[in-house]
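# Residue-level structure breakdown
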Amino acid sequence: SDKTHDAIVWGQGSEQQQRNKSEDKKANTKPVTAELGNVSPVMLVPGPYNDRQLRAQAEMLVADLTMNASFLCCSAKILLLPKGWDGSTKFLKYLRELLNKIPPRKAYYPGAFSRWEKFRSSRNDVETIGQRDAVHLPWTIFNNIDLENDPVCHEEPFCSIISIAYVGDSDPENFLSAAVAAANDKLWGNLVATLIVHPKVQKTRKPVPFFDMAVRKLRYGTVSINAFSGMSFVFGSTPWGAYPGMDAKDIQSGRGFVHNTMMLEGIEKCVMSWPLTMFPKPGYYPTHSRSHKLLRKLVRLEAKQSPLKLPGVVTEALIGSV
């Protein structure tokens, strides 16, 4: 986390760190790079989606939120929706339906329960899906948050929480302008951002290519379109890290890139684009009924490659997608 970075660079304890920062006196003068956390935004751009497309993207968001019990630096944390657009209501309906099918997972990461309690306290508009017990935290939705003042915008929850805010309106260009501004200026961190967009909106060029302009303006190290942003990390060849330019005194998501096997220089961001729907569905989706078998076979194929193993992988991928 950013706290680990500050302990390494600025010294132990908040008082010493603040003093060293004010005096510009580092406890460790060696160059330090770091890949840290993010209050990761997901932006649903209005468009002519059909029900299948909206549900498929809700499924993607559920996979993003629930993977590793939401203990990932890139887990979805803020869902930005257009004000006054019917699709927002329908998308949330699918999101809740899918979360209800996924049992809460073990909240194993240190401090998860105390963080959940801190963010959950003194809130009225909260939904919990699943039961909390001694080892599990429920999937938790904070509705209608205030992007200016809510603590979940300024500190990474790092547990099974996702918050919802409404910006802009039902016009795609107006929404993107408001959503990009909110993501850049209201949310802590600059590691990953995800855009859900219909291809007709994505390809709009008149009067201006406003979607491309929005992607260009996002100050995030990875911008993912219609897919889980963590795939950029999984690929290995793509650069992975925070948007460049962070000062060590306010490190947020870090500085420097890992992976980048092509040794690219002067990196600003990595942009990935995927279709709205995919078949077969990705094996990491919690709704993939054969993922426990598919992923084992993929690992065996990776360990010892053979064309004889491919039919088993394909079969599990197809059966689990139905």
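Right above here is the structure, for reference.
Cut-off values and rules
- Residues numbered from 1 in each chain as written.
- Predicted model: local features only at pLDDT ≥ 70, side-chain atom pairs only at ≥ 80, totals over all residues.
- Heavy atoms only, no water.
- Helix = DSSP H or I, 4+ residues; strand = E, 2+ residues; numbered from the N terminus.
- Expected span 1.5 Å × (residues − 1).
- Polar contact = N/O pair within 3.5 Å; in protein donor to acceptor, adjacent residues only side chain to side chain.
- Pairing = 2+ DSSP bridges.
- Axes fitted to C-alpha atoms, helices over the stretch in contact; angles between N-to-C directions.
- Buried < 20%, exposed > 50% of the residue type's maximum accessible area, 1.4 Å probe, protein only.
- Lys, Arg positive; Asp, Glu negative; His and termini not counted.
- Salt bridge = Lys/Arg side-chain N within 4 Å of Asp/Glu carboxyl O.
- Contact = heavy atoms within 4.5 Å.
- Core = buried A, V, L, I, M, F, W, Y, C linked by side-chain atoms within 4.5 Å.
- Patch = residues over 30% accessible without salt bridge, like charges linked within 9 Å, V, L, I, M, F, W, Y side chains within 5 Å.
- Areas by Shrake-Rupley, 256 points an atom, 1.4 Å probe, with all protein chains shown as cover.
- Arc of directions from axis to C-beta.
- Phe/Tyr/Trp six-rings, centres within 6.5 Å; stacked < 30°, edge-to-face > 60°.
- Lys NZ or Arg CZ within 6 Å of the ring centre and 35° of its normal.

With 16 residues, helix α3 (residues 51-66) should reach 22 Å at 1.5 Å per residue; the first-to-last C-alpha distance of 22 Å fits that figure. Sitting at the amino-terminal end of α3 is Asn50, which places a side-chain oxygen 3.1 Å from the backbone nitrogen of Arg52. Once α3 finishes, Asn68 follows within two positions and takes phi at roughly 55 degrees, a positive value.

This part covers the sheet that holds strand β5 (residues 139-142). Strand order in this open sheet of 8 strands is β4-β5-β6-β3-β2-β7-β8-β12, and the pairing throughout is mixed. Because the sheet does not close on itself, it has two edges, and the strands there are β4 (126-129) and β12 (270-273). Geometrically, the sheet is characterised by an average inter-axis angle of 20 degrees between neighbouring strands, direction not taken into account. Alignment of strand β7 (residues 192-196) against strand β8 (residues 222-225), held across 4 bridges, turns out to be parallel.

What follows deals with the side chain of Lys77. Mapped onto the secondary structure, Lys77 falls in strand β3 (residues 76-82). One buried charged side chain, Lys77, makes no salt bridge at all; its nearest oppositely charged neighbour is Glu156, positioned 7.0 Å away. Among the polar contacts listed, one links the side chain of Lys77 to the side chain of Ser70, at a separation of 2.7 Å. One polar contact links the side chain of Lys77 to the main-chain carbonyl oxygen of Ile161, over a distance of 3.0 Å. Residues in contact with Lys77, not counting those within four places in the same chain, are Asn38, Val39, Ser40, Leu65, Ser70, Pro157, Phe158, Cys159, Ile161, Ile162 and Ser163.

The subject of this paragraph is the nonpolar core. Ranked by internal contacts, the top residues of the largest apolar core, which has 72 residues, are Met43, Leu79, Leu80, Phe91, Leu147 and Leu195. If one sorts the elements of this core by residue count, α3 sits on top with 7 residues. If near-sequence neighbours (up to four positions away) are discounted, Phe91 is found in contact with Leu44, Leu54, Gln57, Ala58, Leu61, Leu79, Leu81 and Ile196. Formed by 8 residues, the second largest nonpolar core is a distinct cluster that contains Leu191, Phe228, Met231 and Met272.

A word on a nonpolar patch on the surface. Together, Phe233, Val234 and Val258 make up a nonpolar patch on the protein surface, roughly 260 Å² of accessible area in all. For Val258, a relative accessible area of 37% gives the class partly exposed.

It is worth spelling out helix α2 (residues 14-22) at this point. Listed in full, the buried residues belonging to α2 are Gln17, Asn20 and Lys21. The arc that holds the buried residues of α2, viewed along the axis, is 100 degrees, so those residues lie on one side. Exposed side of α2, more than 90 degrees from the buried face: Glu15, Gln18 and Ser22 are the residues found there. Here the buried face of α2 lies against α1 (2-10).

Turning our eyes to something else, we now look at the packing of aromatic side chains. Counted according to the given criterion, the structure contains 10 aromatic pairs. Ring centres 5.8 Å apart and planes at 50 degrees place the aromatic pair Phe71 and Phe158 in the tilted group. Within this pair, whereas Phe71 is found in the loop between α3 and β3, its partner Phe158 is found in the loop between β5 and β6 (161-167), the two being separated by 87 residues in sequence. Here the aromatic residues Phe71, Tyr108, Tyr109 and Phe158 are joined through ring pairs into a cluster of three or more. One residue, Lys118, lies across the ring of Phe119, its end atom 5.1 Å from the ring centre. We note Arg123 situated over the ring of Phe142; from NZ or CZ to the ring centre the distance is 4.1 Å.

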